[in-house]
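Structural characterization, general
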Amino acid sequence: DSTSANNFYFYLENLREGLKRHFRHEEREMAGLGYPDLEQHKRSHLKCVQRLDDICDAVARRQRKIDKDLLDEMFDIIMDDAIRADSGFKSFLEGKDMRVHV
């Protein structure tokens, strides 16, 4: 149904823009704290954004169905950043006796 696809795309776009804002903010914070792996982390962010861009483009062109596989891929994108990529930053902060404030 095209109404469902349009509604989903609206939320997908919001997610994409929200992640981009989050990544810019996080990178500024990391730079300010002197995080030594910032360049690698930026590449990880770029990879996440590219994956989400690809999903958004495919959904907009109706080349991807809104199904469990698509939702699983989106979940994986978020987990790539929140769990896998950010764990090094968390360790860096703990080593400086700082805490992550969400």
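Definitions and cut-offs
Residues numbered from 1 in each chain as written. Predicted model: local features only at pLDDT ≥ 70, side-chain atom pairs only at ≥ 80, totals over all residues. Heavy atoms only, no water. Helix = DSSP H or I, 4+ residues; strand = E, 2+ residues; numbered from the N terminus. Buried < 20%, exposed > 50% of the residue type's maximum accessible area, 1.4 Å probe, protein only. Contact = heavy atoms within 4.5 Å. Areas by Shrake-Rupley, 256 points an atom, 1.4 Å probe, with all protein chains shown as cover. Lys, Arg positive; Asp, Glu negative; His and termini not counted. Charge placed at Lys NZ, Arg CZ, Asp CG, Glu CD. Axes fitted to C-alpha atoms, helices over the stretch in contact; angles between N-to-C directions. Parallel < 35°, antiparallel > 145°, perpendicular 65-115°, else oblique. Nonpolar A, V, L, I, M, F, W, Y, C, P; charged D, E, K, R; others polar. Salt bridge = Lys/Arg side-chain N within 4 Å of Asp/Glu carboxyl O.

**Concerning the overall build of the protein chain**
A tally of regular secondary structure across the protein chain gives three helices and zero strands. Overall, the protein chain shows an N-to-C arrangement of helices and strands of α-α-α. Referenced to the eigenvectors of the C-alpha coordinate spread, the extents of the protein chain come out at roughly 50 × 20 × 20 Å. Residue burial in the protein chain is summarised as follows: out of 102 residues, 32% are buried. Across the protein chain, every contact between residues at least 6 apart in sequence was considered, and the portion connecting residues at least 24 apart equals 72%. Put simply, the protein chain shows about 6900 Å² of open surface, and 53% of that area lies on carbon and sulfur atoms. Between the mean site of the 18 positive side-chain charges and the mean site of the 21 negative ones, the protein chain shows a separation of 1 Å.

**With respect to unusual backbone geometry**
The residue Arg62 is not glycine, and still its phi comes out positive at about 60°. On the secondary structure map, Arg62 appears in the loop between α2 (38-60) and α3 (68-95).

**A closer look at the packing of α2 against α3**
Where α2 meets α3, the closest approach of the two axes is 10 Å, and the angle between their N-to-C directions is 170°. In terms of their interaxial angle, α2 and α3 are classed as roughly antiparallel. Across the interface between the two elements, His41, Ser44, His45, Cys48, Arg51, Leu52, Ile55 and Val59 of α2 pack against Leu70, Glu73, Met74, Asp76, Ile77, Asp80, Asp81, Ala85 and Asp86 of α3. Taken together, the residues of the contact of α2 with α3 break down into eight nonpolar, three polar and six charged.

**Here's the deal with the pattern of salt bridges**
Side chains bearing opposite charge may pair, as long as their charged atoms lie close to each other. Under the criterion given, the structure shown has twelve salt bridges. The partner of Asp76 in a salt bridge is Arg84, and the shortest N-O contact between them spans 3.2 Å. Asp76 sits in the partly exposed class, given a relative accessible area of 28%. Under the relative-accessibility criterion, Arg84 is labelled partly exposed at 48%. Its salt-bridge partner being Glu94, residue Lys90 comes within 3.2 Å of it at the nearest N-O pair. In this pair, Lys90 and Glu94 are both assigned in helix α3, four residues apart and thus about one turn of the helix distant. By relative accessible area, Lys90 is classed as partly exposed at 45%. A network of salt bridges, in which partner residues are shared, links Glu13, Arg16, Glu17, Lys20 and Asp53.

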